[in-house]
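Per-entry structural report
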Amino acid sequence: MVASQSTFIAVTRFGLGAKQGDFLNLSSDPRGWLESQLNPQFVQNQTLNGMPSTMDAVQQMRQDAQMKKQAKQDAAATMDEGSKEKFASMIKEANQEMSQDYVRQVAQLTRASVDSPAPFFERLVQFWRNHFTVSITKEQDRILVAAFERDAIRPNVLGNFHDMLHASTRHPAMQIYLDNFHSFGPNSPAGQRQDKGLNENLAREIMELHTLGVSGGYTQNDVTEFAKILTGWTIDAQGQGDGSGFFFAQRQHEPGSKTLLGVTYNEDGVNEGEQALRAFAENPSTAKFIATKLARHFIADDPPASAVAKLQAAFSKNNGDLVPLYRTLISLKEAWEDPLAKIKTPNDFILSLLRATNVADNIEDKKIVGMYNMLNQRPFSASSPAGWSDKASDWIGAEALLQRIDLARFFARAIHTQYDPAGLLESTIGPVASEDTRFAVTRAGSAQEAITLLFSSPEFQRR
Amino acid sequence: MKSIIKDTTLSRRKLLKGVGCLAAATMFSGIRVAFASAPVDERFIFIILRGAMDGLNAIPPYGDTSYQTARNGIALGSSDYQPLDNFFGAHNNLASFAGMFKTGEALAIQAVATPYRERSHFDAQNVLESGGVQPHIINDGWLNRALALYGSQGDSLGLAVGQTIPLALQGKVGVGTWAPSAQGLPDDTMLMALDRLYQHDTLLHTALAQAVGVHSIADGDLGGADGMKKMGGGGKNLQNKEVMEQTVQAVGKILSDPKGPRIATIEIGGWDTHAQQGTDKGPLANNLAALDTGFGALRDSLGEHWKKTVVLAATEFGRTVAQNGTSGTDHGTASCAFLLGGAVNGGKVVAQWPGLGGNNLYQNRDLAPTIDLRQVAKAVLINHLQLDQTMVEKNVFLGSSDLRPIEGLIRA
């Protein structure tokens with residue numbers, strides 16, 4: 001049976017790229033294959049075994065901070081140069097260990113995506129972890145980002161949008177990344193005593209980037225009021241909370257009533273924030289914002305308004321339940337039209353290379369992270385809370401293309417003795433391969449060149 | 001598909017080597033000569049400071065009697081800046097800038113902003129780069145539209161430093177990108193095969209052609225792949241002084257090539273100092289030092305071309321005047337911009353100072369904007385790049401005819 005364009009779209013656009021045999025195995029019912037991945041039982045992912053929980057990470061962070069503080073004090077107290085050096089190297093080692101943990105965890109998440117029998121689910125995980133961006137540009141987050149994906153994102157991808165928003169907002173990685181853990185109500189007991197005040201970073205970005213969107217109808221005053229509401233939402237550094245890593249510090253919370261989007265929130269501690277997040281999740285602006293991003297990710301950089309409208313309606317009608325939203329997405333005819341409408345991000349490109357070649361288990365953790373580095377998309381390191389762009393113009397420039405070709409060459413060098421280029425072409429881009437690409441791959445001077453060209457081709461660079 | 005790999009001396013030498021076989025000869029039938037004589041000899045570099053720079057501590061208005069009180073706790077102390085005049089100073093880490101200010105090659109513009117008045121980074125950067133009056137009403141960049149005024153000669157005049165092109169340079173006119181990279185161009189055979197492979201994919205084909213054009217100039221001067229390796233690949237971390245210096249030296253060489261590009265963008269992030277931003281030391285001070293290193297390296301590497309150069313460094317908006325609850329600053333409105341280069345009529349701080357005291361703050365929290373950044377950009381386009389004012393107002397900064405370019409920024 002000849003695999004169809006629909007199979008290619010299911011595997012490449014909705015999934016993370018073809019593995020050997022995918023086109024043949026899935027060609028009878030590509031849409032049904034996508035649907036089957038929306039079953040929470042099917043996607044229980046054992047490959048995350050051993051990944052530290054959020055509470056483990058918070059404990060490690062606390063021990064780490066205590067050790068460093070002690071080492072700094074000890075170093076300051078001693079006059080002996082040898083001891084000073086010893087303390088300095090202790091701090092350095094702790095930092096290296098954090099970096100190594102990050103590298104190991106990114107590699108583990110990468111392998112989980114590559115090995116997964118549910119790549120559509122894995123793509124949705126990556127969509128949402130990018131929507132709720134946390135980033136190691138805040139160094140303390142190195143230890144927390146993988147736990148963020150494990151505990152705030154993955155359990156909610158097939159759940160409800162509000163629950164994911166709630167989990168993300170409470171998570172220590174987000175509290176650190178957008179500065180909320182040390183935002184104090186200026187009139188709170190702790191704020192008064194320590195002379196500390198508001199930081200409005202998280203409040204603004206929740207409205208602008210996680211829910212309503214920038215034109216979602218809020219003002220600077222709403223940002224400030226929501227920042228007051230969120231005071232006290234912090235990290236469970238002392239182990240006083242419910243084991244999730246979150247703690248509500250009443251002494252840090254701004255007292256009094258607040259007015260947000262025209263609604264008065266009477267003083268009610270942590271419940272004010274809970275209610276505000278609920279209201280954001282239910283706001284029609286949020287439905288529109290999420291629908292637009294989803295359509296941009298799965299259809300085109302400038303998605304058709306008709307598709308956005310259908311997704312928006314599905315989001316609202318189902319009160320933010322995500323599985324019916326994905327079902328609507330799969331049913332959109334616009335998503336099945338142009339098989340090469342989207343450029344793969346570097347992340348997509350790397351995962352599709354690893355799936356095509358099945359070499360992820362033979363590549364060192366450091367080299368896996370190195371590939372992302374090379375293409376400027378190291379996981380959890382977006383340079384802004386808006387996350388990575390989903391538009392071709394932000395990913396394809398002269399240098400970016402050279403880096404992609406170089407990575408294609410790296411893979412070709414590694415695997416050219418094990419694969420027949422023509423067969424690899426069929427198993428990765430067969431249903432949509434153009435005459436130009438077939439010509440290039442069959443006429444290349446060597447298997448290595450042929451595979452470099454295959455992985456550099458428009459059909460492999462797009463989805 | 002028209003444009004093919006750019007024909008510079010090096011690329012032609014490299015490519016002709018490969019024409020031994022029949023396939024290669026047919027593939028290159030489409031080569032055309034580009035990088036002919038450029039229509040403009042002036043250089044312009046736009047440095048985009050992403051994240052909202054705190055202009056009040058970059059160019060502190062120390063003479064404003066409210067500066068210390070309004071900035072409670074994060075105001076620079078009197079030993080943290082050097083005076084530029086009897087009212088404004090420059091942060092100590094802007095030493096190269098201050099030096100150029102004294103020799104008349106640099107100026108600052110204070111209390112300047114784009115027309116955008118909200119506080120979203122991403123919308124504000126969209127306005128800064130698109131040149132529109134609101135976010136997302138124009139899809140291309142003002143610098144690309146300026147290049148379009150050179151007609152077909154505008155192709156290959158623009159260069160984005162980085163792996164991809166920022167919105168400011170995106171648009172109809174072809175623009176190259178360059179970043180220090182470890183491997184340079186693929187070999188000739190591969191290039192020719194790629195050229196054919198991409199012939200029906202405009203996006204990839206254009207990127208390939210631009211890569212060949214720019215690398216032909218850059219690679220020769222920089223010790224090739226080995227020289228680049230230690231700079232860490234993509235050259236993305238311009239907040240590191242050493243990376244900044246080496247990257248900018250290479251940019252200076254590319255812009256010095258007689259047939260090379262004339263107009264470039266450089267992006268530097270890390271200005272979003274919500275917490276612990278510091279005064280004489282800290283994240284803001286470190287970023288200013290990296291930027292200042294870039295200023296100095298541009299001057300040095302452009303050599304004789306510096307006298308024909310203008311550099312504009314600007315950010316999307318400023319930060320709150322008062323510090324927030326975490327010894328940082330939140331999103332604000334007006335900031336400062338830097339203008340430097342041998343063609344700049346420097347040695348002054350251009351401002352209509354709104355004041356920091358009493359009721360002078362915008363929405364009771366931010367430095368009030370009194371100059372529109374487009375007044376500065378228009379002056380550069382019209383007085384430095386010699387573009388026609390009517391065309392600039394019609395095509396680059398649409399509907400800005402009421403907004404006069406500031407006089408006296410560029411040497412006559």
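Every chain is numbered independently, its residues counted from 1 as its sequence is written. Chains carry letters from A onward and ligands carry numbers from 1 onward, assigned in written order. Whole-chain, interface and lining totals are the exception, using all residues; otherwise, since this is a predicted model, local features are given only for residues with pLDDT of at least 70 and side-chain atom pairs are given and counted only at 80 or more.

Some words on the overall build of chain A
Basically, it comes down to this: Strands are runs of DSSP state E lasting at least 2 residues, helices are runs of H or I lasting at least 4, and numbering of each runs from the N terminus. Each radius of gyration reported is based on C-alpha atoms, and the globular scaling rule is 2.2 Å times the count of residues to the power 0.38. Exposure classification rests on a simple neighbour count of other C-beta atoms within 10 Å of a residue's own: a residue reaching 20 or more is buried, one at 12 or fewer is exposed, and one in between is partly exposed. C-beta atoms are placed from the backbone.
The helix and strand tally for chain A stands at 23 helices and four strands. A globule of 463 residues ought to have a C-alpha radius of gyration of about 23 Å, and chain A, at 24 Å, matches this closely. When its C-alpha atoms are laid out on the principal axes, chain A stretches across 75 × 65 × 40 Å. Expressed as a percentage of its 463 residues, the buried residues of chain A come to 53%.

Here we look at the overall build of chain B
Just so we agree on the cut-off: What counts as a contact is two residues whose backbone-derived C-beta atoms lie within 7 Å of each other.
The helix and strand inventory of chain B stands at 14 helices and 11 strands. Sorting the 412 residues of chain B into buried and exposed places 58% on the buried side. The long-range fraction of contacts in chain B, counting pairs at least 24 apart against all pairs at least 6 apart in sequence, stands at 74%.

Thoughts on the domain arrangement of chain A
Residues and elements named next belong to chain A. Stated formally: Note that the domain bounds were set by an automatic or database domain assignment.
On domain assignment, one finds that chain A holds domain 1 (5–36 + 342–461), domain 2 (46–173) and domain 3 (178–299 + 302–338). Taking only C-alpha atoms, the centre of domain 1 and the centre of domain 2 are 28 Å apart. Each partner contributes residues to the interface: domain 1 has 22 residues there, and domain 2 has 22 residues. Elements supplying a minimum of two residues to the side of domain 1 that touches domain 2: helix 17 (346–357) and helix 18 (365–374).

Considering the interface of chain B and chain A
By a widely used convention, the size of an interface equals the accessible area lost when the partners come together. Contacts between the two partners involve 47 residues from chain B and, on the opposite side, 46 residues from chain A. Taken together, the elements giving at least two residues each to the side of chain B that touches chain A come down to helix 6 (121–130), strand 6 (175–178), helix 8 (188–197) and helix 9 (202–221) of chain B. No other element matches the seven residues that helix 9 of chain B contributes to the side of chain B that touches chain A.

Brief notes about the packing of helix 20 (residues 421–429) of chain A against helix 22 (residues 447–456) of chain A
Residue and element names in this part refer to chain A. What counts here: Axis geometry follows a simple rule: fit a line to the C-alpha atoms, using only the stretch in contact for helices, then measure angles between N-to-C directions, giving values from 0 to 180 degrees. We call two directions roughly parallel when the angle between them is under 35 degrees, roughly antiparallel when it is over 145, roughly perpendicular when it lies between 65 and 115, and oblique otherwise. Left-handed is the label given to a crossing in which the near helix is rotated counterclockwise from the far helix by less than a right angle, and right-handed is the label when the rotation is clockwise. Ten residue types, Ala, Val, Leu, Ile, Met, Phe, Trp, Tyr, Cys and Pro, are classed as nonpolar, four, Asp, Glu, Lys and Arg, as charged, and the remainder, Gly among them, as polar.
The contact between helix 20 and helix 22 brings their axes to 9 Å, and the two run at 15°. Here helix 22 runs roughly parallel to helix 20, going by the angle between their axes. Remark: the crossing between helix 20 and helix 22 carries right-handed chirality. On the side of helix 20, the interface is formed by Pro 421, Leu 424 and Leu 425, while helix 22 contributes Ala 447, Ala 450, Ile 451 and Leu 454. Tallied by class, residues from the contact of helix 20 with helix 22 come to seven nonpolar, no polar and no charged.

Quick word on helix 21 (residues 435–443) of chain A
Residue and element names in this part refer to chain A. To keep it simple, the criterion reads: Working definition: the arc comes from the directions between the helix axis and the C-beta atoms, pointing outward to the latter.
Among the residues making up helix 21, those that are buried are Thr 437, Ala 440 and Val 441. Summarising the axial view, the buried residues of helix 21 lie within an arc of 90°, below the 170-degree limit, and thus occupy one face. When the buried face of helix 21 is taken as reference, the exposed residues oriented beyond 90 degrees from it are Glu 435 and Thr 442.

Side note on helix 8 of chain B
Residues lying three or four places apart along an α-helix face the same way, a consequence of the helix completing one turn every 3.6 residues. Counting buried residues along helix 8 of chain B, eight of its 10 residues qualify, which places the element largely inside the surrounding structure. Among all positions of helix 8 of chain B, only B:Met190, B:Leu191, B:Met192, B:Ala193, B:Leu194, B:Asp195, B:Arg196 and B:Leu197 are buried.

A look at the packing of helix 12 (residues 220–230) of chain A against helix 13 (residues 270–282) of chain A
Residues and elements named next belong to chain A. With their axes 8 Å apart at the nearest point, helix 12 and helix 13 run at an angle of 130° to one another. As the angle between them shows, helix 12 and helix 13 are arranged oblique. For the pair helix 12 and helix 13, contact is made by Phe 226, Ile 229 and Leu 230 and by Glu 272, Gly 273 and Ala 276, respectively. Of the residues belonging to the contact of helix 12 with helix 13, the class tally is four nonpolar, one polar and one charged.

As for the nonpolar core
Note the cut-off: Nonpolar cores are identified as sets of buried Ala, Val, Leu, Ile, Met, Phe, Trp, Tyr and Cys residues joined via C-beta atoms within 7 Å.
The biggest cluster of nonpolar side chains holds 251 residues, and the ones touching the most others in it are B:Leu312, B:Ala337, B:Leu339 and B:Val376. Those residues in contact with B:Ala337 that sit more than four places away from it in its chain are B:Ile109, B:Val112, B:Leu312, B:Ala313, B:Ala314, B:Leu373 and B:Val376.

Brief notes about the pairing of strand 7 (residues 263–268) of chain B
Residue and element names in this part refer to chain B. As a reminder of what qualifies: We call two strands paired when DSSP finds no fewer than two bridges between them.
Taking burial as the measure, the six residues of strand 7 include five buried ones, the bulk of the element. Judged from the six bridges that link them, strand 1 (residues 43–49) and strand 7 form a sheet pairing that is parallel. Each bridged residue has a counterpart across the sheet, and for Phe 46 the counterpart in strand 7 is Thr 265. The pairing of strand 5 (residues 158–161) with strand 7 spans three bridges and is classified as parallel. Paired with Ala 160 across the strands is Thr 265, a residue of strand 7.

Regarding the confidence of the model for chain B
Residues and elements named next belong to chain B. The condition is simple: A residue's pLDDT is the predictor's confidence in that residue, given on a scale from 0 to 100.
Mean pLDDT over chain B works out to 86, with 85% of the residues at or above the 70 mark. In this model residues 1–36 is a low-confidence stretch, pLDDT under 50, and it forms 62 contacts with partners more than four residues away in sequence or in other chains. Note that residues 221–235 has pLDDT below 50 and, in this model, 31 contacts with residues that lie over four places away or in other chains. If you check the scores for this complex, the pTM reads 0.82 and the ipTM reads 0.92.

Focus on the environment of A:Phe246
Residue and element names in this part refer to chain A. With respect to the element layout, Phe 246 can be found in strand 2 (residues 246–248). Classification of Phe 246 by C-beta neighbours within 10 Å gives buried; the count is 23. Considered as a pair, Phe 246 and Thr 54 are 192 residues apart in the sequence and their alpha carbons are 9.3 Å apart. Once residues lying within four places of it in the same chain are set aside, the contact partners of Phe 246 are Arg 170, Asp 236 and Gly 241.

Observations regarding the pairing of strand 1 of chain B
All names here are of chain B. Where burial is concerned, most of strand 1 is hidden: seven out of the seven residues are buried. Residues Arg 43, Ile 45, Ile 47 and Leu 49 line one face of strand 1 and the alternating positions Phe 44, Phe 46 and Ile 48 line the opposite face, and both faces are buried. Here seven bridges tie strand 1 to strand 8 (residues 309–315), and the two strands are oriented parallel to one another. Each residue of the ladder has a partner; that of Phe 44, found in strand 8, is Val 310.

Some words on unusual backbone geometry
Notably, A:Phe380 is not glycine yet its phi reads approximately 55°, a positive angle. The class of A:Phe380 is buried, set by 25 C-beta atoms lying within 10 Å. One non-glycine residue, B:Ala111, lies in positive phi territory at about 55°. Of note, B:Ala111 is situated in strand 4 (residues 106–113).

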